[in-house]
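Secondary and tertiary structure notes
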Amino acid sequence: MFTAETSSEAHEMLQLSRAERLLLTALRRLVLGWSLCTGISREFQVICGPGAAAVIATLRIFLGALDCTARRRLIVAPPGWFAPTADERHMLAILAAAQCADEGRLRALVCWFARPEAQSVLVRASHELAEVLATNNLRVAARRIDAEEPTASRGALRLVS
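Residues numbered from 1 in each chain as written. Predicted model: local features only at pLDDT ≥ 70, side-chain atom pairs only at ≥ 80, totals over all residues. Heavy atoms only, no water.

**Focus on helix H5 (residues 86-99)**
Spanning 14 residues, H5 covers 20 Å between terminal C-alpha atoms, matching the ideal 20 Å at 1.5 Å per step. Across the 14 residues of H5, 14 count as buried, placing the element largely inside the fold. Positive phi shows up at alanine 101, right after H5, with a value of about 55°. (Helix = DSSP H or I, 4+ residues; strand = E, 2+ residues; numbered from the N terminus. Expected span 1.5 Å × (residues − 1). Buried < 20%, exposed > 50% of the residue type's maximum accessible area, 1.4 Å probe, protein only.)

This is how it looks when you write it as structure tokens:
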């Protein structure tokens, strides 16, 4: 049933750009260990052209770095879920900060996810992905991150490389 809660979640997802929704869909599938379906791969090709394979490969590297440096299990919604989780919004904010070359904000966001001794790895991976995204016409908008904790009902998924 479509409730007020699902309506606000759908509204939140619609506030994301086409590129951001594509990144979230790909991220969710990769975290689950699923391959990217033909439709998602085609969407990357439409937006990125010949650079689509590089974007997908660099996204995998970023997720691997995130997995290796994580302080805790991150909460990622299953594919098809309306709204991004707090952790997904945080990942988008990291990429936005890297694209804007806002080093202070990037490092502050990274310290939330990564162990102190491993933060430089995630910063480097964030810069690499942000550069590949920008080169291939994928922009991530800087947004305010809500302080709310994600709900347990969405399920915690361990990131896999």
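**Some details on unusual backbone geometry**
Despite not being glycine, alanine 101 shows a phi value in the positive range, around 55°. Mapped onto the elements, alanine 101 comes out in the loop between H5 and helix H6 (103-113). Of the residues examined, alanine 101 reaches a relative accessible area of 62% and is grouped as exposed. The phi angle at asparagine 137 is positive, at roughly 65°, despite the residue not being glycine. Within the fold, asparagine 137 resides in the segment after helix H7 (119-135).

**What to know about the pattern of salt bridges**
Tallying each qualifying case throughout the model produces five salt bridges. When the shortest N-O distance is used, the salt bridge between arginine 107 and glutamate 103 registers 3.5 Å. With arginine 107 and glutamate 103 both in helix H6 and four residues apart, this pair spans about one turn of that helix. Classification of arginine 107 as partly exposed rests on a relative accessible area of 44%. Since its relative accessible area comes to 30%, glutamate 103 is described here as partly exposed. Measuring nitrogen to oxygen at the nearest pair gives 2.9 Å for the salt bridge that ties glutamate 117 to arginine 115. You can call glutamate 117 exposed: its relative accessible area is 61%. (Salt bridge = Lys/Arg side-chain N within 4 Å of Asp/Glu carboxyl O.)

**Concerning the nonpolar core**
Proteins that are soluble and globular tend to have nonpolar side chains buried together. Counting 46 residues, the largest nonpolar core has Phe44, Phe62, Leu122, Leu133 and Leu138 as its most contacted members. Once residues within four sequence positions are removed from consideration, phenylalanine 62 is found in contact with Ile94, Leu95, Leu122, Ala125, Ser126 and Leu129. (Core = buried A, V, L, I, M, F, W, Y, C linked by side-chain atoms within 4.5 Å. Contact = heavy atoms within 4.5 Å.)

**Comments concerning the side chain of histidine 90**
For histidine 90, the location among the structural elements is in helix H5. Residue histidine 90 is classed as buried on the basis of its relative accessible area, which comes to 8%. A distance of 2.9 Å separates the side chain of histidine 90 from the backbone oxygen of leucine 109, its partner in a polar contact. (Polar contact = N/O pair within 3.5 Å; in protein donor to acceptor, adjacent residues only side chain to side chain.)

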